[in-house]
Amino acid sequence: ENADGKYISPFHDIPLFAGSKEDKEIPAKRSKTTGSEVLFNMIVEVPRWTNAKMEIATEEPLNPIKHDIKKGKLRYVANIFPHKGYIWNYGALPQTWEDPNHTDKITGCCGDNDPIDVCEIGSKIRSSGEIVQVKVLGVLALVDEGETDWKIIAISADDPEAEKIHGKYFYIDDVKKHKPGYLEATLDWFQLYKVPDGKPENHFAFDGEFKNKDFAVEIIKSTHEHWKALLHKKVDGGTIKCTNVLVSGSPFCCSDEDARSIVQSAPAFMNGDSVSPEVDSWYFFPK
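This section reports on the structure supplied with the text. No experiment lies behind these values; they were computed from the predicted model shown.

What follows is about the overall build of the protein. Counting secondary structure elements, the protein contains 4 helices and 12 strands. When the 287 residues of the protein are sorted by exposure, 54% land in the buried category. The long-range share in the protein, meaning contacts at least 24 apart out of those at least 6 apart in sequence, stands at 67%. Surface summary for the protein: the accessible area is close to 13500 Å², and the carbon and sulfur share equals 51%.

What follows covers the layout of surface pockets. Computed from the structure, the largest pocket encloses a volume of approximately 1000 Å³. Along its surface, the largest pocket is lined by 37 residues, and Lys 53, Glu 55, Asp 68, Arg 75 and Asp 114 are the ones closest to its centre. If you list the elements that add at least two residues to the lining of the largest pocket, you get strand S1 (39–46), strand S2 (54–56), strand S3 (65–67), strand S4 (69–70), strand S6 (89–92), strand S10 (147–156) and helix H2 (182–192).

Attention now goes to the environment of Phe 210. Position of Phe 210 among the secondary structure elements: in the loop between strand S11 (203–204) and helix H3 (213–231). Taking C-alpha positions, Phe 210 is 5.5 Å from Val 139, a pair spaced 71 residues apart along the chain. Non-local contacts of Phe 210, meaning those with residues more than four positions away in its chain, are made with Val 139, Leu 140, Ile 153, Ile 172, Leu 183, Thr 186 and Leu 187.

Let's shift gears to the nonpolar core. Core analysis: the biggest nonpolar cluster contains 44 residues, and Trp 88, Ile 121, Leu 137, Ile 153, Trp 189 and Phe 190 have the highest contact counts within it. When contributions to this core are tallied by element, the ones reaching two or more residues are S1, S2, S6, strand S9 (131–144), S10, helix H1 (171–178), H2 and H3. Among the elements that take part in this core, H2 stands out by supplying 5 residues, more than any other. With residues near it in sequence (within four places) discarded, Ile 121 still touches Arg 48, Trp 88, Leu 137, Ile 153, Ala 154, Ile 155, Val 175, Lys 179 and Tyr 182. In this structure, Val 139, Ala 141, Ile 152 and Ile 220 belong to the second largest nonpolar core, which totals 20 residues.

Scoring rules and cut-offs
- Residues numbered from 1 in each chain as written.
- Predicted model: local features only at pLDDT ≥ 70, side-chain atom pairs only at ≥ 80, totals over all residues.
- Heavy atoms only, no water.
- Helix = DSSP H or I, 4+ residues; strand = E, 2+ residues; numbered from the N terminus.
- Buried < 20%, exposed > 50% of the residue type's maximum accessible area, 1.4 Å probe, protein only.
- Contact = heavy atoms within 4.5 Å.
- Areas by Shrake-Rupley, 256 points an atom, 1.4 Å probe, with all protein chains shown as cover.
- 1 Å grid on protein atoms, 1.4 Å probe; cavity = no way out; pocket = protein on both sides within 12 Å on 5 of 7 lines; lining within 4 Å.
- Points joined across faces, edges and corners; volume = space filled by probe spheres on them.
- Core = buried A, V, L, I, M, F, W, Y, C linked by side-chain atoms within 4.5 Å.

Here it is, written out as structure tokens:
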């Protein structure tokens, strides 16, 4: 729900850019922008140090944040020694989409059909469903099973260390200075996190080099344009659910009453998987 008690899609109805006029429609704590700094709204899916694979359910109406299920079992990431669970607050940028029908000129691979991912490296452990205004620092180009899966590196705008990371172009170098070892751990984690499940190591474009802030912002803007095309039916989104409440001009826009009906009629799980009786399947809409 937003601040007015209306049900919205965390994927489509929360503005990508923080501080926009739509900000009053979301439950976000405002942070002042300084100079030409551009802040983005991040939706937290997985709090730091936890293992449950929570994610925006892109194929369900209004896209609730949900514990992912595969073959009837809830999914968790393994602990990759010496790390515990996800090593950042992990989430996504709303109103972005990595188009699976678009071949990225940089990586040579198609998108992974999801909003673009964010690793927030601030000191506070966030909550699933929380909306955080973040300062983008750089990006890592993960190639996951042949798909482009960009990982934005960011820090909450209200974090005490955010002001220390201020290089004009190379914020990512300041991360190495103020949080030594964090980027190396990030690279290690993404390379190995699927190995315990019997899958091969992941690979990276640019030999695992973290690209700078300006590069990252251009990637974000590109995925935002792909999302716009999706929401205005200019491309085929396949099984992606584009139902929204606030996107002006979108043919998928529904009324507040329709959105409430969708939520109130939702079963315990909606993706067609049968769930093992010993586990709980649940999802929620951020409030």
